[in-house]
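The chain contents come next:
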Amino acid sequence: MNVRYTILLSSPPATEHLDSVKTAASRLTNNQENIKIQVKTEGKYSALITNFTMKNAAQYKILNEIDKEFKFWIWHFGDYEDSTISFY
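Quick caveat: nothing in here was measured; it's all calculated off a predicted structure.

Before going further, it helps to examine the overall build of the protein chain. In terms of regular secondary structure, the protein chain is built from 2 helices and 4 strands. Starting at the N terminus, the α and β elements of the protein chain follow one another as β-α-β-β-α-β. For 88 residues, the compact-globule estimate of 2.2 N^0.38 gives 12 Å, and the protein chain sits close to it at 12 Å. Each principal axis of the C-alpha distribution contributes one length, and for the protein chain these read about 35 × 25 × 20 Å. Across the 88 residues of the protein chain, 36% fall into the buried class. Averaging the locations of the 10 positively and 10 negatively charged side chains of the protein chain gives two centres separated by 7 Å.

See below:
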């Protein structure tokens, strides 16, 4: 299953941001090589987008697990605005 976790930040991400989201994804993925991180500007925000794969499971069963893992690793982001999880 392909997962995308998007974090909106009020300023461009620092290296520390990238390291944190990569660590979160690495704890959830079934293939370390599939973790992709990109940064895009969305209006006045920076979007930090993390794509990775996980074992197949019902999405509603793993949604909280994904959210908890990322929130654990990004709690210190002072410029955090919002986050979304999507499956594709």
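With that settled, consider the packing of aromatic side chains. In the structure shown here, the tally under the stated rule is 3 aromatic pairs. Taken together, a centroid distance of 5.3 Å and an interplanar angle of 85° make the contact between Phe72 and Trp73 edge-to-face. For Phe72, a relative accessible area of 53% translates into the label exposed. By relative accessible area, Trp73 is classed as partly exposed at 25%.

The rules behind each value
Residues numbered from 1 in each chain as written. Predicted model: local features only at pLDDT ≥ 70, side-chain atom pairs only at ≥ 80, totals over all residues. Heavy atoms only, no water. Helix = DSSP H or I, 4+ residues; strand = E, 2+ residues; numbered from the N terminus. Rg over C-alpha atoms; globule rule 2.2 N^0.38 Å. Buried < 20%, exposed > 50% of the residue type's maximum accessible area, 1.4 Å probe, protein only. Lys, Arg positive; Asp, Glu negative; His and termini not counted. Charge placed at Lys NZ, Arg CZ, Asp CG, Glu CD. Phe/Tyr/Trp six-rings, centres within 6.5 Å; stacked < 30°, edge-to-face > 60°.

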